[in-house]
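# Architecture and fold: a report
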Amino acid sequence: VRWELRTRPFLRSAEFLWQEGHTAHATREEAVETARQMLDVYADVCRDVLAMPVVKGVKSPTERFAGADDTFTIEALMQNGWALQSGTSHFLGQNFAKAFDVTFSDDANQQQHVWATSWGVSTRLVGALIMSHSDDSGLVLPPAVAPTQAVVVPISPGPDKQPEQHAEL
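Okay, so let's go over this structure. (Residues numbered from 1 in each chain as written. Predicted model: local features only at pLDDT ≥ 70, side-chain atom pairs only at ≥ 80, totals over all residues. Heavy atoms only, no water.)

Below, the discussion takes up the overall build of the chain. Helices and strands together make up the secondary structure of the chain, namely 3 helices and 9 strands. Its helices and strands in sequence order give the chain the pattern β-α-β-β-β-α-β-β-β-α-β-β, from N to C terminus. The proportion of buried residues among the 169 residues of the chain is 32%. For the chain, restricting intrachain contacts to residue pairs at least 6 apart in sequence, the fraction spanning at least 24 positions comes to 54%. (Helix = DSSP H or I, 4+ residues; strand = E, 2+ residues; numbered from the N terminus. Buried < 20%, exposed > 50% of the residue type's maximum accessible area, 1.4 Å probe, protein only. Contact = heavy atoms within 4.5 Å.)

For an α-helix, the turn length of 3.6 residues means that residues three or four places apart are oriented alike. For helix H3 (residues 124–132), every residue scored as buried is listed here: Arg124, Leu125, Gly127, Ala128, Leu129 and Ser132. In this structure, the buried residues of H3 make contact with helix H1 (28–48), strand S3 (70–77), strand S4 (83–93), strand S7 (115–122) and strand S8 (134–135).

Between its first and last C-alpha atoms H1 spans 30 Å; for 21 residues at 1.5 Å apiece the expected length is 30 Å, and the two agree. Buried within H1 we find Ala31, Val32, Thr34, Ala35, Met38, Leu39, Tyr42, Ala43 and Cys46. (Expected span 1.5 Å × (residues − 1).)

Applying the stated criterion to the full structure yields 2 aromatic pairs. Their ring planes at 10° and their centres at 6.2 Å tell us that phenylalanine 91 and tryptophan 115 sit as a pair that is stacked. Here phenylalanine 91, found in strand S4, pairs with tryptophan 115, found in strand S7; they are 24 residues apart in sequence, far enough to count as distant. Here phenylalanine 91 matches tryptophan 115 in class, with each residue buried. (Phe/Tyr/Trp six-rings, centres within 6.5 Å; stacked < 30°, edge-to-face > 60°.)

Tracing the backbone through its elements, the reader meets histidine 25 in strand S1 (residues 18–25). Taking the relative accessible area as the measure of exposure, histidine 25 reaches 13% and is therefore buried. A polar contact of 3.5 Å, which involves the side chain of histidine 25, links it to the side chain of threonine 34. In contact with histidine 25, other than residues within four places in its own chain, are Glu30, Ala31, Thr34, Phe104, Val114, Trp115 and Thr117. (Polar contact = N/O pair within 3.5 Å; in protein donor to acceptor, adjacent residues only side chain to side chain.)

This brings us to the pairing of S7. Side chains on a regular strand alternate between the two faces of the sheet. Where burial is concerned, most of S7 is hidden: 7 out of the 8 residues are buried. Pairing geometry for S1 and S7, over 8 bridges, is antiparallel. Within the sheet, the bridge partner assigned to glycine 21 lies in S7 and is tryptophan 119. Judged from the 5 bridges that link them, S4 and S7 form a sheet pairing that is antiparallel. If you follow serine 89 over to S7, its bridge partner there is tryptophan 119. (Pairing = 2+ DSSP bridges.)

Mapping serine 86 onto the fold places it in strand S4. According to the relative accessible area criterion, serine 86 is buried, its value standing at 3%. Engagement of the side chain of serine 86 in a polar contact is seen with the backbone oxygen of leucine 84, the distance being 2.9 Å. Beyond its immediate sequence surroundings of up to four residues, serine 86 is in contact with Ile74, Ala76, Val121, Leu125 and Ala128.

What follows is about the environment of valine 102. Counting through the fold element by element, valine 102 comes out in the loop between helix H2 (95–100) and strand S5 (103–105). Given the relative accessible area of 36%, valine 102 is considered partly exposed. Valine 102 sits 10 residues away from glutamine 112 along the chain, and the two C-alpha atoms are 8.4 Å apart. Look past the residues within four positions of valine 102 in its chain and what remains in contact with it is Ala97, Gln112, His113 and Val114.

Next up, the structure:
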């Protein structure tokens, strides 16, 4: 359970679901490449599946994941003009490997600490999807998410309602 002072459905909740991955590499270059590749995967899903364009960036040292050497991010622009962090990928360097003694045997049979990554998205993407594709008239999901679209048409239970009163239903 996460202790949030102010919760918001899908964006900041006490309990949330996420997809997360971790990798360990022999070289710094492989780890950085993987961290950037996963950020590209998340950006592609947002663009191609969720019809939600994002901007890729790098977090400042004060904003990056604690213990990471670099945090890469995708930010989606919401209708109110705010940017919403929608996914992150972290190059952890060897910080956690040294702290937890995660090693491998190199070609010379010497123990080396791994170069690590961590990356993930959460139910926040659902909130971003809703915020990007809805307004006061409802929600229109992209075809890749909802290939069959439906419209709800309220029908008055009796003759006492005029068509303009249907919105009240």
